[in-house]
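Descriptive analysis of the structure
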There are 2 protein chains.
Amino acid sequence: MEISAEREKELIEFASKYGLKFENIGLLNRAFVHTSYTNENSIDILESYERLEFLGDAVLKIAISDFLFKKFPNLREGDLTKHRSWVVSDKELSVFAEKMGLSKLILLGKNEEGLGGREKPSILACAFEAFLGAIFLEYKDLGLKAAYDFLIDNFENEILNSKLHNYKALLQEYTQGESHKLPVYKVLDEYGLSHDKTYVIGVYYNDVLIAQGQGRSKKDAEMAAAKLALEFLNVEIV
Amino acid sequence: MEISAEREKELIEFASKYGLKFENIGLLNRAFVHTSYTNENSIDILESYERLEFLGDAVLKIAISDFLFKKFPNLREGDLTKHRSWVVSDKELSVFAEKMGLSKLILLGKNEEGLGGREKPSILACAFEAFLGAIFLEYKDLGLKAAYDFLIDNFENEILNSKLHNYKALLQEYTQGESHKLPVYKVLDEYGLSHDKTYVIGVYYNDVLIAQGQGRSKKDAEMAAAKLALEFLNVEIV
């Protein structure tokens, strides 16, 4: 489909905010073309973001998996999977899309526009995934690295601060609800060379050591300790 | 966990059959350690293949998505997703694993062994995914490329010959069942420069043109035509 000079400028500026350069502007544009737009304008549906969304969905999954795998060396598969599911949910992706102001770039049919499509989490999430697919293709052999860097550089906090898996936040919520007291974390031990340290951290509640966790950073060790504390206290983690 | 010299040799030979070299033998070994083995032998469950399976599941998804996306430029998202789901199913992955003779490498607990775990499609599929995860990690920045090449070099036929999406096979099955006649494909048109050709192919049944499809290769155009013919004939594609 044709891309106006104004549209091209808008797309290039949008990408450059994230340090991304697209030689293939048609590819970048396609990430934001909803099927309601191609349908209404008799454009081939292959020019919509559908196929890029298919690809971007998988790009997102491997990037998040790789990140979580390395970030949490002590989490088991079940916990990693739960965390990943949360990050790749439409709800969370639409938050990422909103933070980027991505919705203004989406081309919608008039009918879908009238139905509030521009604010629908499902459409925002799909366009976000399609954008990842476009990055993956544009950067060819470095596509996964480019998509990974884009995600982590811009959304690392959001990816980590999954309420679901922020065990420290959950533990604090619980102890404050029970007794208005905060859990206290103390380093009990550390070993290994400076570039390969392991920390052992204990978590105290009402001055009693209720759990201890290990990790390659203090933060990881605290998380591990908080998780075990939640288990010890029989706090349900949904 | 400790790896005997014999086990190490077996692992290295297995990988080298696929042109793969692992410096990290512990990583390669872990891809084949079932949780029933770590449980029975009081080994940390993080030494089992669980986490690698989490990662390999995502590696598989992006590799297959990338392959199908490029191989079928005219398929819509729904068809690509169906094809991908079929390839990444436990059933299909266990076929890949069997072709490789991967099951003999799996370390199982005695109880699981007694239950026939070594032949369970779910265990074979998980170990296959874990192996992909191990390739991805071993080859670092080139991890995705190494996993992709491994998959396509060894299983391209299996990935393409999804009965579900082999529209030509389905059409032939149908016409032979109906009338013992084969569908006939003819090139109706071709246009574009030699490096960027588009073919238009018609499919005839009982000497009547029932559908035509386009593609960048004759094979793709035939597939597209066969798909439309199945729709024209109201043949259910499950």
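Only a predicted model underlies this, so the values are computations on that prediction, with no experimental measurement involved.

**Remarks on the overall build of chain A**
Secondary structure assignment for chain A yields eleven helices and three strands. Along the longest, intermediate and shortest principal axes, the C-alpha atoms of chain A span 70 × 40 × 25 Å. Taken across its 238 residues, chain A has 51% of its residues classed as buried. Each charge sign in chain A was given a centre, from 29 positive and 38 negative side chains, and these centres are 4 Å apart.

**Observations concerning helix H9 (residues 143-160) of chain A**
For an α-helix, 3.6 residues make a turn, and residues three or four places apart therefore share a direction. Of all the bends in H9 of chain A, the largest measures some 70° and sits at asparagine 154 of chain A. Here H9 of chain A has its buried residues at Gly143, Leu144, Ala146, Ala147, Phe150, Leu151, Ile152, Phe155, Ile159 and Leu160 of chain A.

**Considerations on the relation of the copies chain B and chain A**
Turning one copy of the chain about an axis and sliding it along that axis gives the other copy, so a rotation and a shift relate them. Once chain B is rotated about the relating axis by 180° and shifted along it by 0.2 Å, it coincides with chain A to within an RMSD of 0.3 Å. Both copies of the chain, as the preceding transformation shows, are related through a two-fold rotation axis. When the interface residues of chain B are mapped onto chain A, 100% of them again fall at the interface, so both copies present the same face.

**Observations concerning the sheet that holds strand E1 (residues 184-191) of chain A**
Residue and element names in this part refer to chain A. If you trace the three strands from one edge of the open sheet to the other, you get E1-E2-E3, paired in antiparallel fashion. Sheet topology places E1 and strand E3 (208-215) at the edges, where each strand pairs with a single neighbour. On average, each strand axis in the sheet is inclined to that of its neighbour by 25°, with strand direction left out of account. Across seven bridges, the pairing between strand E2 (residues 198-205) and E3 is antiparallel. If you follow isoleucine 201 over to E3, its bridge partner there is glycine 213. Sheet strands in contact with helix H11 (residues 218-232) are E1, E2 and E3, and its direction is about 135° off that of E3.

**A word on the nonpolar core**
If you look at the biggest cluster of nonpolar residues, it comprises 142 residues, and the most contacted ones within it are Phe128, Phe131 and Phe150 of chain A together with Phe128 and Phe150 of chain B. Apart from residues lying up to four places away in sequence, phenylalanine 128 of chain B is in contact with Leu93, Phe96, Ala97, Met100, Leu102, Phe150, Leu151 and Phe155 of chain B.

**Some remarks on the packing of helix H6 (residues 90-100) of chain B against helix H9 (residues 143-160) of chain B**
All names here are of chain B. One can describe the packing of H6 onto H9 by two numbers: an axis separation of 11 Å at closest approach and a directional angle of 120°. By the angle between their axes, H6 is oblique relative to H9. The two elements H6 and H9 cross, and the hand of that crossing is right-handed. Only Phe150, Asn154, Phe155, Glu158 and Ile159 of H9 make contact with H6, whose side of the interface consists of Glu92, Phe96, Lys99 and Met100. For the contact of H6 with H9, a count of residues per class yields five nonpolar, one polar and three charged.

**Side note on the interface of chain B and chain A**
Taken together, the 28 residues of chain B in the interface contact 28 residues of chain A. In total, about 2900 Å² of surface goes out of reach between chain B and chain A, with carbon and sulfur atoms giving 67% of it. It is Arg51, Phe54 and Phe69 of chain B that lose the most area in chain B upon contact with chain A, and together they represent 29% of the buried surface on that side. The interface formed by chain B and chain A includes six salt bridges. Of the charged contacts, one joins aspartate 57 of chain A and lysine 61 of chain B as a salt bridge, the two residues approaching to 2.8 Å between their closest N and O atoms. Residue assignment for the side of chain B that touches chain A shows that the elements contributing at least two residues are helix H4 (50-71), helix H5 (77-87) and helix H8 (121-138) of chain B. The element contributing the most residues to the side of chain B that touches chain A is H4 of chain B, with 14 residues. Looking at the side of chain B that touches chain A residue by residue, the classes come out as 16 nonpolar, three polar and nine charged.

**Here's the deal with the sheet that holds strand E3 (residues 208-215) of chain B**
All names here are of chain B. Pairing is antiparallel across the open sheet formed by three strands, whose spatial order is E1-E2-E3. Single-partner strands in this sheet number two, and they are strand E1 (184-191) and E3. In this sheet, adjacent strand axes meet at a mean angle of 25° when their direction is disregarded. The sheet strands contacting helix H10 (residues 167-179) are E1 and strand E2 (198-205), and the helix crosses E2 at an angle near 20°.

**Here we look at the pattern of salt bridges**
Within this structure, the stated rule accounts for 28 salt bridges over all chains. Lysine 168 of chain A is the partner of glutamate 222 of chain A in a salt bridge, and the nearest nitrogen-oxygen pair spans 2.5 Å. In this pair, glutamate 222 of chain A is assigned in helix H11 and lysine 168 of chain A in helix H10 (residues 167-179), connecting sequence segments 54 residues apart. Looking at glutamate 222 of chain A, the relative accessible area reads 17%, which means it is buried. Glutamate 158 of chain B serves as the salt-bridge partner of lysine 99 of chain B, at 3.0 Å between the closest nitrogen and oxygen. Remark: glutamate 158 of chain B occurs in helix H9 and lysine 99 of chain B occurs in helix H6; sequence separation between them is 59 residues.

**Observations regarding the confidence of the model for chain A**
In this model, chain A carries a mean pLDDT of 93, and residues with pLDDT of at least 70 account for 97%. Across the interfaces of the predicted complex, the ipTM metric reaches 0.76, alongside a pTM of 0.76.

**Some details on the packing of aromatic side chains**
Residues and elements named next belong to chain A. Tallied over the entire structure, the rule returns 24 aromatic pairs over all chains. Consider the rings of phenylalanine 128 and phenylalanine 155, whose centres lie 5.7 Å apart with planes at 75°: the pair is edge-to-face. On the criterion of sequence distance, the pair formed by phenylalanine 128 in helix H8 (residues 121-138) and phenylalanine 155 in helix H9 is long-range, its members being 27 residues apart. The exposure class of phenylalanine 128 is buried, given its relative accessible area of 0%.

Analysis parameters
- Residues numbered from 1 in each chain as written.
- Chains lettered and ligands numbered in written order.
- Predicted model: local features only at pLDDT ≥ 70, side-chain atom pairs only at ≥ 80, totals over all residues.
- Heavy atoms only, no water.
- Helix = DSSP H or I, 4+ residues; strand = E, 2+ residues; numbered from the N terminus.
- Buried < 20%, exposed > 50% of the residue type's maximum accessible area, 1.4 Å probe, protein only.
- Lys, Arg positive; Asp, Glu negative; His and termini not counted.
- Charge placed at Lys NZ, Arg CZ, Asp CG, Glu CD.
- Bend = angle between axes of the 7 residues up to and from the residue.
- Least-squares fit on C-alpha atoms with pLDDT ≥ 70 in both.
- Contact = heavy atoms within 4.5 Å.
- Pairing = 2+ DSSP bridges.
- Axes fitted to C-alpha atoms, helices over the stretch in contact; angles between N-to-C directions.
- Core = buried A, V, L, I, M, F, W, Y, C linked by side-chain atoms within 4.5 Å.
- Parallel < 35°, antiparallel > 145°, perpendicular 65-115°, else oblique.
- Left-handed = near helix turned anticlockwise from the far one by under 90°.
- Nonpolar A, V, L, I, M, F, W, Y, C, P; charged D, E, K, R; others polar.
- Buried area = accessible area lost by both parts, 1.4 Å probe.
- Salt bridge = Lys/Arg side-chain N within 4 Å of Asp/Glu carboxyl O.
- pLDDT = per-residue confidence, 0-100.
- Phe/Tyr/Trp six-rings, centres within 6.5 Å; stacked < 30°, edge-to-face > 60°.

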